[in-house]
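Below are the chains, spelled out letter by letter.
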Amino acid sequence: MLSKIISGGQTGADRAALDAALTLDFPIGGTCPVGRMAEDGPMSSVYTLEEVSGDYRQRNHKNVENADGTAIFYASYLQGGTEATSLFCIQQSKPYKLIDIELIDPLHAAMLLADFVHDYHVSVLNIAGPRASTCPVIYAYVKQVIELVIKQSR
């Protein structure tokens, strides 16, 4: 049963997942770079993330490691840190679910993700995806999906 949402706290997909969980009083966590840096500056302390040394790739690697499974949101194709996260999942033999926001509406994505959580017995779910500057629509999409998944898991 889903018990926690984690991410690296970057703007976009990461932050949307954390905000969805906070809105529903659901536990959050994850790791972020030292200094709690994101593209919009240092993250608020409302996001209870552990700081890790290294760059964004180190953060992504650690979040995959600490999760039971990872949901990877993207628009049309994987790139940058989102692509690196998928490779970390493969290297660590961790289950992951790819969700192309261009092809799947949020309600269907939530159903697919709930099935993934159930089928792989995911208690801690890592959320990954593009930052807001590279995909402005990702925040609203991921927030809606994660809220639906949390509601279904209760």
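- In the annotation of an unreviewed UniProt entry, the protein is listed under the name Molybdenum cofactor carrier and assigned to Vreelandella andesensis.

## Focus on helix 4 (residues 106-119)
- When the terminal C-alpha atoms of helix 4 are compared, their 20 Å separation across 14 residues agrees well with the 20 Å that a helix rising 1.5 Å per residue should span.
- Turning to helix 4, its buried residues number three or more, namely Pro 106, Ala 109, Ala 110, Leu 113, Phe 116 and Val 117. For helix 4, the angular spread of the buried residues around the axis is 120 degrees, confining them to a single face. Exposed side of helix 4, more than 90 degrees from the buried face: Leu 107, His 118 and Asp 119 are the residues found there.
- The secondary structure elements touched by the buried residues of helix 4 are strand 7 (69-74), strand 8 (96-100), strand 9 (124-128) and helix 5 (138-153).
- Two or three places before Leu 107, at the opening of helix 4, Asp 105 has a side-chain oxygen 3.1 Å from that residue's backbone nitrogen.

## Things to note about the packing of helix 2 (residues 56-66) against helix 3 (residues 80-91)
- Following both chains from N to C, one finds helix 2 and helix 3 inclined at 40 degrees, their axes separated by 9 Å at the closest point. Between helix 2 and helix 3, the crossing angle belongs to the class labelled oblique. In the crossing of helix 2 with helix 3, the sense of the turn from one axis to the other is right-handed. The residues of helix 3 that touch helix 2, namely those facing Arg 57, Asn 60, His 61 and Val 64, are Gly 81, Ala 84, Thr 85, Phe 88 and Cys 89.
- Class assignment of the residues belonging to the contact of helix 2 with helix 3 gives a composition of four nonpolar, four polar and one charged.

## Here we look at the packing of aromatic side chains
- With the rule as written, the count across this model stands at two aromatic pairs.
- Here the aromatic rings of Phe 73 and Tyr 141 are separated by 6.1 Å at their centres, their planes lie at 75 degrees, and the arrangement is edge-to-face. Taken as a pair, Phe 73 in strand 7 and Tyr 141 in helix 5 lie far apart in primary sequence, 68 residues in all.
- The class for Phe 73 is buried, based on a relative accessible area of 0%.

## So, the environment of Asp 119
- Along the polypeptide, Asp 119 turns up in helix 4.
- Along the sequence, Asp 119 and Glu 50 sit 69 residues apart, while their C-alpha atoms lie 28 Å from each other.
- In this structure the side chain of Asp 119 is engaged in a polar contact, spanning 3.3 Å, whose partner is the side chain of His 118.

Calculation criteria
Residues numbered from 1 in each chain as written. Predicted model: local features only at pLDDT ≥ 70, side-chain atom pairs only at ≥ 80, totals over all residues. Heavy atoms only, no water. Helix = DSSP H or I, 4+ residues; strand = E, 2+ residues; numbered from the N terminus. Expected span 1.5 Å × (residues − 1). Buried < 20%, exposed > 50% of the residue type's maximum accessible area, 1.4 Å probe, protein only. Arc of directions from axis to C-beta. Contact = heavy atoms within 4.5 Å. Polar contact = N/O pair within 3.5 Å; in protein donor to acceptor, adjacent residues only side chain to side chain. Axes fitted to C-alpha atoms, helices over the stretch in contact; angles between N-to-C directions. Parallel < 35°, antiparallel > 145°, perpendicular 65-115°, else oblique. Left-handed = near helix turned anticlockwise from the far one by under 90°. Nonpolar A, V, L, I, M, F, W, Y, C, P; charged D, E, K, R; others polar. Phe/Tyr/Trp six-rings, centres within 6.5 Å; stacked < 30°, edge-to-face > 60°.

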